[in-house]
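Here is what each chain is made of, one letter per residue.
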Amino acid sequence: FINLDESPCALEVKHGKGNLATYSSHGFRPKRFYAKSKRGLTRAFFTYVGITSNIDAVQRALPQLLLLNKNTVKASIVQSLRESLPPNFHILYGDSHWMKEATMCKILCLIKISLGSLFNRYHCVFLADCCKLHITAKLFRCASRIQFPYVPIPAKTTWFLQPLDTHVFGIL
C-alpha cells in the first residue's frame, strides 16, 4: 500500500505570548510579552506532502514533496533547498502551496516513475482519504491512464488505513 497525506506548515509560528519582552522603567518586571513577527509571515504557509508504504524497499524509493508558493518563497531559497535535500525530495514551486487536482495527478505520475520496476513487483495500490480533492473524476482518469490502482479510504477508517494522518501529522 502507498499512502499520501498533506499538511500545511506555517513559515513562521506565533503562539500567544512570545519570547521578547519590554521592561518598565521601574524595574525588571516585564511590562509586555510579544513575539515580533510580521503579520504576513504568520499567514504564509507551505505544504508538506508525505508519502509512505508498508514495504521498506518501496518506502526508500518514494518521493517526498514540498509545495511552495512563488509569492511567499524566493526562487534563490528554493534553489538552495533543492541543492541540500535528498534526491527523493521534490519541490513543486508555483502559484500556490495548496494541493490541487493537477498537482495530485503530477504526484501520482511522480510516484509511479520513482518506483520503476518496484511498482509491478509489489503490486502497489494507492490509498487516499475521501477529501473532495482526492476523489475527483479527473484524478481517477489520471490514475487509470497511468495504470495506478487508486482506492479511496472509507470514512472512519483513517485510524487503520492512513498512518501518515494518525501517526505523523496527527501529533503535530
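Residues numbered from 1 in each chain as written. Predicted model: local features only at pLDDT ≥ 70, side-chain atom pairs only at ≥ 80, totals over all residues. Heavy atoms only, no water.

**Focus: the overall build of the protein chain**
When you go through the protein chain residue by residue, the secondary structure sums to eight helices and eight strands. In the protein chain, 67% of the contacts between residues at least 6 apart in sequence involve partners at least 24 apart. Total accessible area on the protein chain stands at roughly 10,900 Å², and carbon and sulfur atoms take up 58% of it. (Helix = DSSP H or I, 4+ residues; strand = E, 2+ residues; numbered from the N terminus. Contact = heavy atoms within 4.5 Å. Areas by Shrake-Rupley, 256 points an atom, 1.4 Å probe, with all protein chains shown as cover.)

**Topic: the pattern of salt bridges**
For the structure on display, the rule yields two salt bridges. Between Arg-60 and Asp-56 there is a salt bridge whose closest N-O contact spans 2.2 Å. With Arg-60 and Asp-56 both in helix H2 (residues 56–61), this residue pair falls four residues apart, about one helical turn. (Salt bridge = Lys/Arg side-chain N within 4 Å of Asp/Glu carboxyl O.)

**Focus: the pairing of strand E5 (residues 64–69)**
Residues in a regular strand project their side chains so that they alternate between the two faces of the sheet. Summarising burial for E5: six of the six residues are buried, a large majority. Here E5 shows a buried face lined by Gln-64, Leu-66 and Leu-68 and a second buried face lined by Leu-65, Leu-67 and Asn-69. The pairing of strand E4 (residues 45–53) with E5 spans three bridges and is classified as antiparallel. Its bridge partner being in E5, Tyr-48 is matched across the sheet by Leu-66. The pairing of E5 with strand E6 (residues 89–94) spans six bridges and is parallel. If you follow Leu-68 over to E6, its bridge partner there is Tyr-93. Regarding the hand of the β-α-β motif, the stretch spanning E5, helix H3 (residues 75–84) and E6 is right-handed. (Buried < 20%, exposed > 50% of the residue type's maximum accessible area, 1.4 Å probe, protein only. Pairing = 2+ DSSP bridges. Right-handed = clockwise from strand over helix to strand, strands pointing away.)

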